[in-house]
Structures are given as structure tokens and as C-alpha cells.
Amino acid sequence: SKEFTEQLILGKIAVLALQAAGAEVEDRTGLVGTPVVRGALTSGEIDMYWEYTGTAWLGPLGNTDPIPGEKAQFEAVKQADTANGIVWFALADANNAYALAANPQAAEEFGVRTISDFARLARENPQAATLCTAAEFPTRNDGLPAVERTYDFDLPDANVAVLDFGLVYTSVAQRQPCNFAVVFGTDAQVLANNLVVLEDDKQGLATYNVAVSMRQDVYQANPQAYETLFGAIAAQLTTERATELNSQVDIDGEQPEDVARQFLTETGIVAS
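What counts and how
- Residues numbered from 1 in each chain as written.
- Predicted model: local features only at pLDDT ≥ 70, side-chain atom pairs only at ≥ 80, totals over all residues.
- Heavy atoms only, no water.
- Helix = DSSP H or I, 4+ residues; strand = E, 2+ residues; numbered from the N terminus.
- Rg over C-alpha atoms; globule rule 2.2 N^0.38 Å.
- Buried < 20%, exposed > 50% of the residue type's maximum accessible area, 1.4 Å probe, protein only.
- Contact = heavy atoms within 4.5 Å.
- Polar contact = N/O pair within 3.5 Å; in protein donor to acceptor, adjacent residues only side chain to side chain.
- Pairing = 2+ DSSP bridges.
- Axes fitted to C-alpha atoms, helices over the stretch in contact; angles between N-to-C directions.
- Parallel < 35°, antiparallel > 145°, perpendicular 65-115°, else oblique.
- Nonpolar A, V, L, I, M, F, W, Y, C, P; charged D, E, K, R; others polar.
- Salt bridge = Lys/Arg side-chain N within 4 Å of Asp/Glu carboxyl O.
- 1 Å grid on protein atoms, 1.4 Å probe; cavity = no way out; pocket = protein on both sides within 12 Å on 5 of 7 lines; lining within 4 Å.
- Points joined across faces, edges and corners; volume = space filled by probe spheres on them.
- Core = buried A, V, L, I, M, F, W, Y, C linked by side-chain atoms within 4.5 Å.

Asks: I'm lost on the overall build of the protein in this one. Help?
Replies: A tally of helices and strands in the protein yields 13 helices and 8 strands. Taking 2.2 N^0.38 as the reference for a compact globule, 272 residues should give roughly 19 Å; the C-alpha atoms of the protein span a radius of gyration of 19 Å, in line with that estimate. Principal axes of the C-alpha set define a box for the protein whose edges measure 60 × 40 × 25 Å. Among the 272 residues that make up the protein, the fraction classed as buried is 52%. The contacts of the protein with a sequence gap of at least 6 include a subset with a gap of at least 24, amounting to 73%.

Laid out in C-alpha cells, this is it:
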């Protein structure tokens, strides 16, 4: 796994589930960054890890523009990575993508629940469509320009406040200086600040669904067992559930391995 909270939890879920199924597992969770963990996979230093479809497509696979739609993006990654000896499977609903979120009072006041609603607000009442974000999103291909193209609006530069990432969530929670913010879909701070994530109803944002990426030679040794085990895990990994798991670590102070173990026993994937 990579080194951040969600990846550590997913990595520990894989370790514990495989051990419970009788596999001998070397725990290599906590590698730093996509290039390192992806390089470890392609070189054979590790056999599998949970990766995000958008990350692979726009990063290691070298593409510039995302593929619209969660399943379409997954299928594109899956097909492209066969040339690298990598199999993708067990696509989860959990989507740790950029998302637009609203202060709950602002969402109620302006009737905004979807990005289409936000676009309407930007056109009809632009002074209310204020957006806090960290750097990069206002200019990157899969960021604000993609949203504006898809939803047919043009947010004035004065409406966008670029802040340090740690300040984005608290600023929108206080409505100072923004009613809306760019967040990550499964970030625990969404729950901690009671934010309303807007539905990307026209799929303008790149998708970053989590799925298993595994070396083909490893997968082919026992494909049915891997599909069954990780398919059962993926079926439980909704965006909401992933956010809750992250919150247990980042907000409640639990350890990723303990959170992973509780998830597996609560879902019945591993016997308690």
C-alpha cells in the first residue's frame, strides 16, 4: 500500500483477509507514493495493492485526459495494463476523487445538492458560488476546467480562494470565505465538518475508484479464489464506508490494522 490513511487501511484489509484464507503474506504496506508502490508491483517486489483507477490512468499509464464514467475508466485501465502484466479486478464503489462539497446551511439556503445545482447558482447568483480549494484544482485537466466544460458555466476568478489544504475544510465549515469547497470524496474531514458532498450528476470529474491491481502470474495461479475474496471486500467498500473507516483512524485515533480487522469481522468476510 501507499502511506496515507486510506491506503494503510486497505492494505491491512488485504493482509488480514489473505492470512485468514490461508495465504502466507509479507506485509509491505506503507510504501511512499505511487511511483514507488507501482514500481514495486511491476518489478515483482510486491504482488498486489489497491490502486485508484484515475491515478493509474493519468499517472503510470501516461494519459492526459480521464475517461468519463466509473466503469468505463476501470475497463480502460484494465485493458491498458494487460500489456504490463497487471490484472485489475474487484472494482469498489469507493471513489476517492475530487468532489465539490457544500456547507450544510449553504446547501439548504441555495438549494444545491448536485454540481448541476452549483452551476445554476454560479450563473444566476455568482456572488454565492464561492469556492475554496487547494492548489492545482483550478487549472488541472481533471479539475475546475473539466467541471466548467461539462456543466456549462464559468466561475469568476474572484470566486475561487486557493488555500492550504488543511484550511479548506474548516473554511467552508465556517462559511469563511466560501460556501463551497473542493474536497476528496472519502476524506474523514468531510464527516468531521458535516459537509454535503454534491452529486457529480453529469460525471464531469475524473473517477478514482479503488480496485485490486495484481501481477498476472500471481492472479493466474488462483483466479477464482482471488476474485471471490476481493470481490466480497469490494462489494462492502462504498464511498460512505471508506469515509467512515478513514474517520476511525484520522478522527478517532484508532490504528489502521484494528479498523481493518473490525471491518472484516463486521462484514462476515473473516470470522471473528
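Asks: Explanation requested: the side chain of Asn 193 in the structure shown.
Replies: If you trace the backbone, Asn 193 turns up in the loop between α9 (188–192) and β7 (196–197). Relative accessible area serves as the criterion here: at 17%, Asn 193 is assigned to the buried category. From its side chain, Asn 193 meets the backbone oxygen of Gln 189 in a polar contact 3.0 Å long. What Asn 193 contacts, discounting residues up to four positions off in sequence, is Tyr 169, Thr 170 and Ala 173.

Asks: How should the sheet that holds β7 be read in this particular structure?
Replies: To summarise the sheet geometry, strands pair through backbone hydrogen bonds and adopt either a parallel or an antiparallel arrangement. Read from one edge of the open sheet, 5 strands run β5-β4-β6-β3-β7, paired in mixed fashion. The sheet is open, and its two borders are formed by β5 (160–162) and β7, each paired with just one other strand. With 2 bridges connecting them, strand β4 (residues 131–133) and strand β6 (residues 180–184) associate as parallel partners. Pairing of Leu 131 across the sheet is with Phe 180, part of β6.

Asks: Would you mind showing me how to read the packing of helix α1 (residues 5–20) against helix α12 (residues 239–250) here?
Replies: When two helices pack together, their arrangement is given by the angle between their axes and by how far apart the axes lie. Axis separation between α1 and α12 bottoms out at 9 Å; the angle between their running directions is 105°. As the angle between them shows, α1 and α12 are arranged roughly perpendicular. Contacts between α1 and α12 pair Thr 5, Glu 6 and Ile 9 from the former with Ala 242, Leu 245, Asn 246, Val 249 and Asp 250 from the latter. Residue composition of the contact of α1 with α12, grouped by class: 4 nonpolar, 2 polar and 2 charged.

Asks: I keep staring at the sheet that holds strand β1 (residues 48–52) and nothing clicks. Help me out?
Replies: Across the sheet, which stays open at both edges, the 3 strands sit in the order β1-β8-β2 with antiparallel pairing between neighbours. Strands at the two margins of the open sheet, each flanked by one partner only, are β1 and β2 (86–89). Across this sheet, the average inter-strand angle for adjacent strands is 35°, counted without regard to direction. Bridge analysis of β1 against strand β8 (residues 210–215) gives 5 bridges, and the strand direction is antiparallel. Looking across to β8, one finds that Tyr 52 is bridged to Val 210. Running over the sheet, α1 touches β1 and β8 and is turned about 145° from β1.

Asks: Could you clarify how one ought to interpret the pattern of salt bridges in this entry?
Replies: Opposite charge on two side chains permits them to pair, given that their charged atoms come into close proximity. Within this structure, the stated rule accounts for 10 salt bridges. Salt bridges sharing partners connect three or more residues here, namely Glu 257, Asp 258 and Arg 261.

Asks: Explain empty space enclosed by the protein to me, please; I cannot follow it from the model alone.
Replies: Which parts of space are left empty comes out when a probe the size of a water molecule is rolled across the atoms. Tallied over the full model, the rule gives 1 cavity of 30 Å³ or more. Around the largest cavity, the lining residues are Glu 6, Ile 9, Leu 10, Leu 237, Ala 242, Leu 245 and Asn 246. Broken down by secondary-structure element, the contributors of at least two residues to the lining of the largest cavity are α1 and α12. When the residues that make up the lining of the largest cavity are grouped by side-chain class, the tally is 5 nonpolar, 1 polar and 1 charged.

Asks: What is the right way to read the side chain of Arg 241 from this model?
Replies: Examined against the element boundaries, Arg 241 turns out to sit in helix α12. Residue class for Arg 241 comes out buried when judged on its relative accessible area of 18%. Aside from chain neighbours lying at most four places away, what touches Arg 241 is Gln 236, Phe 263, Glu 266 and Thr 267.

Asks: How should the nonpolar core be read in this particular structure?
Replies: In a soluble, globular protein the nonpolar side chains are often hidden away together inside. Core analysis: the largest hydrophobic core is formed by 37 residues, its most contacted members being Trp 50, Phe 89, Phe 230, Ile 233 and Leu 237. Excluding its chain neighbours within four sequence positions, the residues that come into contact with Leu 237 are Leu 10, Trp 50, Ala 92, Asp 93, Ala 94, Leu 245 and Phe 263. Counting residues in each nonpolar core, the second largest holds 27 residues, with Tyr 98, Leu 121, Phe 137 and Phe 153 among its members.

Asks: Would you take a moment to explain the pairing of β8 for this structure?
Replies: The side chains of a regular strand alternate, residue by residue, between the two faces of the sheet. Most of β8 sits inside the fold, with 6 of its 6 residues counted as buried. Going residue by residue along β8, you find Val 210, Val 212 and Met 214 tucked away on one face and Ala 211, Ser 213 and Arg 215 tucked away on the opposite face as well. Where β2 lies against β8, 4 bridges are found, and the strand directions are antiparallel. Bridge pairing links Ile 86 to Arg 215 in β8.

Asks: Help me out: how do you make sense of the pairing of β1 in this one?
Replies: Burial runs high along β1: 5 of the 5 residues are buried. Neither face of β1 is exposed, since Met 48, Trp 50 and Tyr 52 on one face and Tyr 49 and Glu 51 on the opposite face are all buried.

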